[in-house]
Amino acid sequence: MNPRLLQLARESRGLSQSKLASLAGISQAALSKAENRVGPLSPERLATIADVLGYPPELFDWPDEPVGLGPSGFYHRKQSGLGKTALQRIEAEVNLLLMQLRRLEASVEIDPPFRLPVLDIEEHEPEDVAVKVRASWMLPDGPVHDVIRTVERAGIVVVRRDLESPKISGLSVRPPNGLPVIILNNGMPPARERFTVLHELGHLIMHQIPSDDGEREADRFASEFLMPARLVGPQLTGLNIQRAVQLKQYWKASMAAIIQTARRLEKIDERKFKSLQVQISQLGYRRNEPAEPEQEEPRILPGMLDLHRSEHGYSDAELAKVVGLRVREFHAEYGAARGLRAV
């Protein structure tokens, strides 16, 4: 048994040691000793714990060691306002996801056409970084047609998961022995999701070491990547709500992001900015903006699963075993094969 996997599995379900011990009918002392490599648990007790947590017992045998979330963990611990238990649960879920992806990647060759660069934020302005990345990826002028597809062409795996809090839109991790990953919180409007993907891309490129102003820098990167200033700037003069809707349809950026960009580029003054913010609130657009673009879909992870199923002959039960999940949860997280329906 790998004690760290036992702890990760527990934290991923949001359970304390005392709560899990109570549900599994064992003493907290026994569970604590097991997690701290002091005392063993019998196979019967491990099976009971696995049943309570909803994981196959084999998960506890994985040799993987968890990693910290790097800059993402730094920013969310500092700014999200989430409690310790919620952050522990998210970090545990992300670690298990990274381990699962590593097992799926092992049988797949991924040769991305673009390189994911690393640029020191102390030597470059975020807007300059965005301009250089767009140029190196040979993106044409104008809107980015498919943001998720664009970042995946640099070998970044994009995954949607329920992070169970609106305070976190996304996370990004550059693990030491796997592909970079962007994790998006379920349920975001498509325009906001596009901005979030690019915000996390900014972290991956600029923030190998966390920056005290990292969130603002990632926003500036995302805004320039999504709507280059030299192109959108002339369109923002005299901005009003109707014009913001039109620009959203063209750039596939949220009205909120367009208004923020207009203020940053000094195309509107503070008074106009506040007036537009009030109108956005009065019209109910903070929760439900009009003219949303179509939702974009990740391709790398579904492609890996399809390859395992079609080329390697894996059943969904076998794939669930590979990623350390029971079949029902595997279908909920990864989707069922075509022709199957998760019940």
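All values derive from a computational prediction rather than experimental measurement.

A. Up close: unusual backbone geometry. The backbone of E164 shows a phi angle near 60°, a positive value even though the residue is not glycine. Take E164: it is sitting in the loop between β1 (157-161) and β2 (170-173). The exposed category is assigned to E164, whose relative accessible area is 52%. At A291, a position not held by glycine, the phi torsion is positive, near 60°. Position of A291 among the secondary structure elements: in the loop between α14 (270-282) and α15 (300-310). Take A291: its relative accessible area is 28%, and that puts it in the partly exposed class.

B. Main features of the confidence of the model for the protein. Of all residues in the protein, 98% have pLDDT values of 70 or greater, and the mean over the chain is 94. With pLDDT under 50 throughout, residues 339-343 is counted as low confidence; its partners more than four residues away or in other chains account for four contacts.

C. Inspection of the nonpolar core at higher detail. Counting 53 residues, the largest nonpolar core has I49, L301 and Y334 as the members making the most contacts within it. It is helix α6 (residues 84-105) that contributes the most residues to this core, ten residues altogether. Non-local contacts of Y334, meaning those with residues more than four positions away in its chain, are made with L97, Q100, L104, R161, L301, L305, V323 and L325. M188, L198, A253 and L276 belong to the second-largest nonpolar core, a separate cluster that totals 49 residues.

D. Geometry of the packing of aromatic side chains. Going through the model one piece at a time under the given rule, you end up with six aromatic pairs. When the ring of F221 is compared with that of F225, the centres are 5.7 Å apart and the planes differ by 40°; the resulting orientation is tilted. Note that F221 and F225 are positioned in helix α10 (residues 214-226) at a spacing of four residues, about one turn of the helix. An identical accessibility class is assigned to F221 and F225; each is buried. Geometrically, the ring pair formed by F330 and Y334 is stacked, given 5.4 Å between the ring centres and 20° between the ring planes. Of the two residues, F330 and Y334 are both situated in helix α17 (residues 327-334); the distance of four residues between them amounts to about one turn of the helix.

About the cut-offs
- Residues numbered from 1 in each chain as written.
- Predicted model: local features only at pLDDT ≥ 70, side-chain atom pairs only at ≥ 80, totals over all residues.
- Heavy atoms only, no water.
- Helix = DSSP H or I, 4+ residues; strand = E, 2+ residues; numbered from the N terminus.
- Buried < 20%, exposed > 50% of the residue type's maximum accessible area, 1.4 Å probe, protein only.
- pLDDT = per-residue confidence, 0-100.
- Contact = heavy atoms within 4.5 Å.
- Core = buried A, V, L, I, M, F, W, Y, C linked by side-chain atoms within 4.5 Å.
- Phe/Tyr/Trp six-rings, centres within 6.5 Å; stacked < 30°, edge-to-face > 60°.

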